[in-house]
Amino acid sequence: CTHDAIFSAQAEPLKDIKTVYGYSEWMKGIALVAMPGSSYELNSQSFDAKTNTAMFFGTFHGTHSGHLEGFPAPTYKSMETQYVYSIHVNAHGKVDKITKVWHSAWAAAQVGWTAPSNVPADAVHLFHACESGKGWHDCKQYCTHDAIFSAQAEPLKDIKTVYGYSEWMKGIALVAMPGSSYELNSQSFDAKTNTAMFFGTFHGTHSGHLEGFPAPTYKSMETQYVYSIHVNAHGKVDKITKVWHSAWAAAQVGWTAPSNVPADAVHLFHACESGKGWQECMHFCTHDASFDAQAEPLKDIKTMHGYAEWMKGIAVVAMPGSRYELNAQSFDPETRTATFFGTFRGTHTGHLHGFPAPTHRSMDTQYVYSMHVNVHGKVDRITKVWHSAWAAAQVGWTLSSSVPVDAEHLFHACESGKGWHECMRYCTHDAMFSAQAEPLKDISTVYAYTEWMKGIAVVAMPGSSYELNAQSFDPKTSTATFFGTFRGTHTGHLHGFPAPTHKSMETQYVYNMH
């Protein structure tokens, strides 16, 4: 820098810093004292020769674990904050001015630094005491003794006092979900109405037994909410209103269905998705319950018996260790129809008759069941709505027959780094290649490209992997299209490339193959 290099930033913590000297010392305190072990990434850089201005886009990572004068006590929370420097250089190449563009409030919220000074301290303290499960014993010092509470949320509808709510939260945070955590995303205060607003996120896994709640499901929730906290003239909290989508949170941890959903429909959903087969599912259906789905793998299955056995094969044999989530459920009493929205996750590692050999790829597939129940509450008809082709593509199951086999084989041989020795089987000897991409601009043959990919996949990024996300074929133009994702870490030395950076890429691309 020049000795008098100036600095500016439209950011609260930096508003009084006017020199690069002052800023560099401030950053020293942050990086070494407040957040020892911090790190950063230079995401991109550029230079405008007309204005002699360099631009740097970076990301700073750190955990507030050290004591630094002028900052709050360590919160042990982490930040991941993005910023841009606009750096001007003089005719001699020395920096004479830096401007930082940075959303400092976002970063401060991540590490839980002090609320704006106009937010009453007791409101802030109450938020933290309540969310960490301290209960009324700790919360009462920040409230009036008769502070009221309200929420338009099913689990909280009968709680009318902050005393009752703080004890309810104590049970959730310490007993039902031991090890739970929370974040204070933002906070503000309206001095006209004496109302503080806190936007938070609560994280927890239901692993403990709490009276009045279901048995532990070992599922996790990440739920957002807002508190509107009114304080009296003395700064004490006298009223809290919580705005919270409790049904969404309950669905995440698999808590009890609404009471109007027939029990046998709920039991059937869980028995089927967990691969219990007809032996278990039959208890919840009529003996001749029908099934249908507009999905290729299920087109010939017409009975619930057949579908339950098919799901058993998928969940237990083809994808052992699979799991599912019940995202939402409802019941229409007029049509006697229960609807279940679920997500199934599994990795194809097992051999199942009628399916491809294990691909060791994973699926994350969403679907809906429409279940009709008779007057006795038994399921007599199921319709499944499911994008089966999407799920099949995730695990790399057989292509549609319209896609030429050699095009498929070439894709897999090329992406796995087999090189021309393997790829030549699927191409003409003079097959052409083109790409509007800097590293590939001089490659004009498939021979050269497959050898380039071999170097990337095997030498520069050993252990790399790829996914075939989607594929199609246009018979009019004889063109196959493949949409893929390549992942790798640069750990190997390859001629013509930089030394290993030990950084990873996850890059998407499309091939058009004629």
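Everything below is about the structure printed above this text.
Notes on the structure in this doc start here. In this convention, every chain numbers its residues from 1, walking through the sequence in written order. Given that this is a predicted model, residues contribute local features only at a pLDDT of at least 70 and side-chain atom pairs are listed and counted only at 80 or more, while totals for whole chains, interfaces and linings are drawn from all residues. As a rule here, side-chain values come from all non-hydrogen atoms in the structure, and water together with hydrogens is ignored.

## Topic: the overall build of the protein chain
At step 1: Along its length, the protein chain carries 13 helices and 18 strands.
At step 2: With the principal axes as the frame, the protein chain shows a C-alpha extent of 80 × 70 × 35 Å.
At step 3: Residue burial is assigned from relative accessible area. The probe radius is 1.4 Å, only protein chains are included, and a residue is buried under 20% of its type maximum, exposed over 50%, and partly exposed in between. Taking all 514 residues of the protein chain together, 42% fall into the buried category.
At step 4: Contacts are assigned to residue pairs with any non-hydrogen atoms lying within 4.5 Å of each other. For the protein chain, the share of sequence-separated contacts (at least 6 apart) that also reach a separation of at least 24 residues comes to 57%.
At step 5: The charge count treats Lys and Arg as positive and Asp and Glu as negative. His and the chain ends do not count. Charged groups are reduced to one reference atom each: NZ for lysine, CZ for arginine, CG for aspartic acid, CD for glutamic acid. With 36 positive and 45 negative side-chain charges, the protein chain shows a separation of 2 Å between the mean positions of the two kinds. Secondary structure elements follow DSSP: runs of H or I no shorter than four residues count as helices, runs of E no shorter than two count as strands, and numbering proceeds from the N terminus.

## Section: helix α7 (residues 263-273)
At step 1: For α7, the tally of buried residues reaches eight of 11 residues, placing the bulk of the element in the interior.
At step 2: Two residues or fewer past α7, Gly275 is found with a positive phi of approximately 80°.

## Some remarks on the sheet that holds strand β12 (residues 323-332)
At step 1: With mixed pairing, five strands are arranged side by side in an open sheet as β11-β15-β14-β13-β12. Each edge of the open sheet carries a strand with a single partner, namely β11 (285-293) and β12. Adjacent strand axes in the sheet meet at a mean angle of 20° when their direction is disregarded.
At step 2: In terms of strand pairing, β12 meets strand β13 (residues 337-347) through nine bridges, oriented antiparallel. If you follow Ala328 over to β13, its bridge partner there is Phe341.
At step 3: Only the stretch in contact is used when a helix axis is fitted, and all axes are lines through C-alpha atoms; the angle between N-to-C directions ranges over 0 to 180 degrees. In the packing of α7 onto the sheet, contacts are made with β11, β12, β13, β14 (362-373) and β15 (379-386), and the angle to β14 comes to roughly 150°.
At step 4: Against the sheet, helix α9 (residues 304-318) engages β11, β13, β14 and β15, with an angle of about 70° to β11. A strand pair is defined by DSSP finding two or more bridges across the two strands.

## Comments concerning the nonpolar core
At step 1: Nonpolar cores were defined as sets of buried Ala, Val, Leu, Ile, Met, Phe, Trp, Tyr and Cys residues, with membership established by side-chain atoms within 4.5 Å. The biggest cluster of nonpolar side chains holds 44 residues, and the ones touching the most others in it are Met304, Tyr307 and Phe340.
At step 2: Going through the elements one at a time, α7, α8 (278-281), β11, α9, β12, β13, β14 and β15 are the ones with two or more residues in this core.
At step 3: Element by element, the count of residues in this core is highest for α9, at eight residues.
At step 4: Every residue in contact with Phe340, bar those within four places of it in the chain, is listed here: Val261, Ala265, Val266, Phe269, Leu326, Ala328, Gln329, Tyr367, Val368, Tyr369 and Met371.
At step 5: Counting residues in each nonpolar core, the second largest holds 43 residues, with Ala147, Val162, Ile172 and Trp255 among its members.

## Observations concerning the environment of Phe7
At step 1: Checked against the element boundaries, Phe7 lands in strand β1 (residues 6-9).
At step 2: Expressed as a C-alpha distance, the spacing of Phe7 and Lys100, which sit 93 residues apart in the sequence, is 7.9 Å.
At step 3: Excluding its chain neighbours within four sequence positions, the residues that come into contact with Phe7 are Leu14, Ile17, Lys18, Thr19, Val20, Tyr23, Ile98 and Lys100.

## Some points on unusual backbone geometry
At step 1: Its identity as a non-glycine residue notwithstanding, Asn52 has a phi of 55°, on the positive side.
At step 2: Mapped onto the elements of the fold, Asn52 is located in the loop between β2 (39-48) and β3 (53-63).

## Concerning the pattern of salt bridges
At step 1: By convention in these notes, a salt bridge is any Lys or Arg side-chain nitrogen within 4 Å of a carboxyl oxygen on Asp or Glu. Applying the stated criterion to the full structure yields 11 salt bridges.
At step 2: Residue Lys15 pairs with Glu12 through a salt bridge whose shortest N-O separation is 2.9 Å.
At step 3: Among the residues examined, Glu12 registers a relative accessible area of 56% and is labelled exposed.
At step 4: Salt-bridge contacts for Glu296 lead to Lys299; the nearest nitrogen and oxygen are separated by 2.9 Å.

## Quick notes on helix α13 (residues 446-460)
At step 1: Given the number of residues in a helix, its expected span is that number minus one, multiplied by 1.5 Å. Here α13 contains 15 residues, and its C-alpha end-to-end distance of 20 Å stays within 8% of the 21 Å for a straight helix at 1.5 Å per residue.
At step 2: Residues of α13 that are buried include every one of Val446, Tyr449, Thr450, Met453, Gly455, Ile456, Ala457 and Ala460, and no others.
At step 3: On its buried face, α13 is in contact with α11 (405-415), α12 (419-423), β17 (479-489) and β18 (504-513).

## Points about the environment of Glu325
At step 1: Within the secondary structure, Glu325 sits in strand β12.
At step 2: The spacing of Glu325 and Thr343 is 18 residues in sequence and 5.2 Å in space, taken between C-alpha atoms.
At step 3: Filtering out sequence-adjacent residues up to four positions away, Glu325 remains in contact with Lys219, Phe269, Phe341, Gly342, Thr343 and Arg345.
At step 4: A polar contact of 2.6 Å, which involves the side chain of Glu325, links it to the side chain of Arg345. Polar contact criterion, stated in full: a pair of N or O atoms within 3.5 Å, where within protein one must be able to donate a hydrogen and the other to accept it, and residues adjacent in sequence count only if both atoms are side-chain atoms.

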